[in-house]
Amino acid sequence: MTGERKTATAKAVPGRTATGARKASAKSARSRAREFALQALYQHLVGRNDAASVDQFTRGLAGFHKADSVHYDALLHGCIEQAQELDALIVPLLDRKLPEISPIEHAVMWIGAWEFRHALDVPWRVVINECIELAREFGGTDGHKYVNGVLNGLAPQLRAAEVENDRAAGKARP
């Protein structure tokens with residue numbers, strides 16, 4: 001292999017990019033709402049911007065019209081208003097101090113915890129999968145694994161009956 005570079009060939013999966021993230025065309029309005037909420041929560045966490053300014057800015061972003069604006073509103077305002085309560089749920093499951101967590105992963109965990117508590121129409125496994133997708137697309141290299149671990153620890157606390165039913169049916173790990 002003199003002078004030649006070996007390149008990895010990614011297996012093409014319909015609806016996915018080369019990195020494994022969902023293509024924009026394959027995303028539901030709720031998935032898009034989560035993405036915009038994540039961007040807004042990031043601005044809130046990093047820039048300490050208030051909910052109203054972050055909301056106004058985010059609604060002006062390209063593609064916002066394709067998002068479920070009702071779910072976006074609930075996520076953005078719910079996470080900001082309940083930040084202390086959500087952090088209190090998350091912190092016991094962390095292996096480091098909250099300020100050491102990336103703002104992206106922090107915001108994703110807020111979204112997951114908020115949906116566990118308030119979006120009962122979304123199955124707990126869907127909440128986790130959606131949050132993993134967000135962390136994979138916007139976070140650091142292995143951030144999605146961290147988010148997965150924390151939310152898998154939180155699900156039995158906030159969705160006990162649902163998690164237990166899935167475990168009994170063989171749909172989730174014991």
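For the structure itself, look to the data block above.
We now turn to the structure provided with this report.

Reading the values: rules and limits
Residue positions are given per chain, counting from 1 as you read along its sequence in written order. Residue-level local features of this predicted model are given only where pLDDT is at least 70; pairs of side-chain atoms are given and counted only at 80 or more, and the full residue set underlies all totals for whole chains, interfaces and linings. Only hydrogens and water are set aside; all other atoms, that is, all heavy atoms of the structure, feed into the side-chain values. Think of it this way: any DSSP run of H or I at least four residues long counts as a helix, any run of E at least two long counts as a strand, and we number them from the N terminus. Burial classification: accessible surface area is computed with a 1.4 Å probe over protein chains only, and a residue below 20% of its type maximum counts as buried, one above 50% as exposed, and the rest as partly exposed. By the convention used here, residues are in contact when the closest approach between their heavy atoms is within 4.5 Å. Accessible surface area values rest on a Shrake-Rupley calculation with a 1.4 Å probe, where residue burial reflects the displayed protein chains alone. Remark: nonpolar core denotes a set of buried residues (Ala, Val, Leu, Ile, Met, Phe, Trp, Tyr, Cys) joined through side-chain atoms within 4.5 Å. The axes used here are C-alpha line fits, helices contributing only the stretch in contact, and every angle between their N-to-C directions lies in the interval 0 to 180 degrees. The scheme is simple: roughly parallel for angles under 35 degrees, roughly antiparallel for over 145, roughly perpendicular for 65 to 115, oblique for anything else. Under this grouping Gly is polar, as are all residues other than the nonpolar Ala, Val, Leu, Ile, Met, Phe, Trp, Tyr, Cys and Pro and the charged Asp, Glu, Lys and Arg. By definition, turning the near helix anticlockwise from the far helix through less than a right angle yields a left-handed crossing, and turning it clockwise yields a right-handed one. Helix span, expected: 1.5 Å multiplied by one less than the number of residues in the helix.

### A closer look at the overall build of the protein chain
Regarding its fold elements, the protein chain presents eight helices and zero strands. Beginning at the N terminus, the succession of helices and strands in the protein chain can be written as α-α-α-α-α-α-α-α. Going through the 174 residues of the protein chain one by one, you find that 43% of them count as buried. Contacts in the protein chain between residues far apart in sequence, at least 24 positions, make up 67% of those at least 6 positions apart. As displayed, the protein chain offers around 9800 Å² of accessible surface, 52% of which is attributable to carbon and sulfur atoms.

### Regarding the nonpolar core
One finds Leu 41, Tyr 72, Leu 94, Met 109, Trp 110, Ile 111 and Phe 116 to be the most contacted residues of the largest nonpolar core, which totals 48 residues. For this core, the secondary-structure elements that each account for two or more residues are helix H1 (29-47), helix H2 (51-59), helix H3 (69-81), helix H4 (83-90), helix H5 (103-118), helix H6 (124-138) and helix H7 (143-158). Looking at which element gives the most residues to this core, the answer is H5, with nine residues. Leaving out residues up to four positions away in the same chain, Trp 110 has contacts with Leu 41, His 44, Leu 45, Cys 79, Ala 83, Leu 86, Asp 87 and Ile 90.

### A closer look at the packing of H7 against helix H8 (residues 160-168)
Packing of H7 against H8 leaves a shortest axis separation of 5 Å and a crossing angle of 110°. By the angle class used here, H7 and H8 are roughly perpendicular. Counting all contacts with H7, which are made through Ala 155, Pro 156 and Leu 158, the residues of H8 involved are Ala 160, Val 163 and Arg 167. Here the contact of H7 with H8 is composed, by residue class, of five nonpolar, no polar and one charged.

### Notes on the packing of H6 against H7
At a minimum axis distance of 8 Å, the contact between H6 and H7 shows a crossing angle of 160°. Of the possible angle classes, the one that applies to H6 and H7 is roughly antiparallel. Where H6 crosses over H7, the two elements pack in a sense that is right-handed. Packed against H6, whose contacting residues are Trp 124, Ile 128, Cys 131, Ile 132, Ala 135 and Arg 136, the element H7 presents Gly 143, His 144, Val 147, Asn 148, Leu 151, Asn 152 and Ala 155 at the interface. When the residues that make up the contact of H6 with H7 are grouped by side-chain class, the tally is eight nonpolar, four polar and one charged.

### Here's the deal with H6
Here H6 is 15 residues long and its end C-alpha atoms lie 21 Å apart, about the 21 Å a rise of 1.5 Å per residue gives. Looking at H6, one finds that the buried residues are Trp 124, Val 127, Ile 128, Glu 130, Cys 131, Ile 132, Glu 133, Leu 134 and Ala 135. Turning to H6, the residues buried within the fold contact H1, H5, H7 and H8.

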